[in-house]
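Residues per chain are reported as follows:
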Amino acid sequence: MGFIDSLKKVFKRPSTTISVTEAKELLSSGAALIDVRSTQEWRSGRAPQAKHMPLDRLQASTAGINRNKPVIAVCASGVRSASAARLLSSQGYQAYSLRGGMNAWRSAGEPVR
């Protein structure tokens with residue numbers, strides 16, 4: 001399979017989106033929260049338990065992400081995190097995208113630092 005075919009396969013896969021409530025449940029059972037926003041966005045406020053891994057860096061390497069635990073990707077609104085979740089799923093991770101991103105996180109009254 002060529003490179004283009006591989007990319008098509010990854011991006012055709014639907015990503016699994018979850019709500020803030022579902023994300024909190026997964027986080028309480030050991031899931032990782034990966035923030036795929038830019039450094040400037042990260043500095044503007046993030047979930048306390050999030051690990052910063054901008055999408056371009058994640059596309060280059062998934063080093064440091066435990067393959068044995070669920071992974072929740074978050075961005076500002078949910079678009080980049082859906083791409084991240086598809087990418088992670090294609091590499092064998094149990095991956096989810098936080099529906100609505102940090103906007104939903106804030107709206108739900110969850111802590112931001």
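All values reported here derive from a predicted model rather than from experimental measurement.

Novice: Explain the overall build of the protein residue by residue, including any values.
Specialist: Helix and strand counts for the protein stand at six helices and five strands. Counted from the first residue to the last, the protein has its helices and strands arranged as α-β-α-β-α-β-α-β-α-β-α. For the protein, restricting intrachain contacts to residue pairs at least 6 apart in sequence, the fraction spanning at least 24 positions comes to 64%. In the structure as shown, the protein presents an accessible area of about 6100 Å², 51% of it carried by carbon and sulfur atoms.

Novice: Explain the sheet that holds strand β3 (residues 50-52) residue by residue, including any values.
Specialist: Backbone hydrogen bonds are what pair the strands of a sheet, in a parallel or an antiparallel way. Pairing within the open sheet is parallel, and its five strands lie in the order β1-β5-β4-β2-β3. Strands at the two margins of the open sheet, each flanked by one partner only, are β1 (17-18) and β3. In this structure, strand β2 (residues 32-35) lies alongside strand β4 (residues 71-74), joined through four bridges in parallel fashion. Across the sheet, I34 pairs through a bridge with A73, a residue of β4.

Novice: Hey, could you go over the environment of Q59 for me, with residue numbers and the actual values?
Specialist: When you line up the elements, Q59 lands in helix α4 (residues 55-60). Counting along the chain gives 24 residues from Q59 to S83, while the straight-line C-alpha distance between them is 9.7 Å.

Novice: Lay out the nonpolar core in plain terms, naming residues and giving numbers.
Specialist: I18, L26, L27, L33, I72, L98 and W105 are the most contacted members of the largest nonpolar core, which has 16 residues in total. Elements supplying a minimum of two residues to this core: α2 (20-28), β4, β5 (95-98) and α6 (101-107). Among the elements that make up this core, the one with the highest residue count is α2 (four residues). If sequence neighbours within four positions are ignored, I18 has contacts with A23, L26, I72, Y96, S97, L98 and R99. Core analysis: the second largest hydrophobic core is formed by 15 residues, M53, C75, A85 and L88 among them.

Novice: Describe the pattern of salt bridges, naming the residues involved and giving the relevant values.
Specialist: Applying the stated criterion to the full structure yields three salt bridges. With its nearest N and O atoms 3.0 Å apart, the salt bridge here joins E110 to K24. Here E110, found in the segment after α6, pairs with K24, found in helix α2; they are 86 residues apart in sequence, far enough to count as distant. Taking the relative accessible area as the measure of exposure, K24 reaches 33% and is therefore partly exposed. Here D35 makes a salt bridge to R37, at a shortest N to O gap of 2.8 Å. You'll find D35 and R37 in the same group, each marked buried.

Novice: Which residues make up the environment of A47, and what are the values?
Specialist: Looking at the element boundaries, A47 is found in the loop between α3 (39-43) and β3. Among the residues examined, A47 registers a relative accessible area of 0% and is labelled buried. Sequence separation between A47 and V74 is 27 residues, and the spatial gap between their C-alpha atoms is 9.4 Å. Setting aside residues up to four positions removed in sequence, A47 forms contacts with L33, M102, W105 and P111.

Rules of the game
- The residue numbers shown here count from 1 along each chain, following its written sequence.
- Selection of residues for local features in this predicted model requires a pLDDT of at least 70, selection of side-chain atom pairs for listing and counting requires 80 or more, and totals for whole chains, interfaces and linings are taken over all residues.
- Side-chain metrics in this entry use all non-hydrogen atoms of the structure; hydrogen atoms and water are not considered.
- Working definition: helices are DSSP H or I runs of at least four residues, strands are E runs of at least two. Numbering for both runs from the N terminus.
- Contact definition: two residues touch when any of their heavy atoms are within 4.5 Å.
- With residues, only the protein chains shown are counted as cover, and all accessible areas are computed by Shrake-Rupley using a 1.4 Å probe.
- Strands are labelled as partners when DSSP assigns at least two bridges between them.
- The nonpolar core is taken to be a set of buried Ala, Val, Leu, Ile, Met, Phe, Trp, Tyr and Cys residues, with the residues joined through side-chain atoms within 4.5 Å.
- Residue burial is assigned from relative accessible area. The probe radius is 1.4 Å, only protein chains are included, and a residue is buried under 20% of its type maximum, exposed over 50%, and partly exposed in between.
- In the sections that follow, a salt bridge refers to a side-chain nitrogen of Lys or Arg positioned within 4 Å of a carboxyl oxygen of Asp or Glu.

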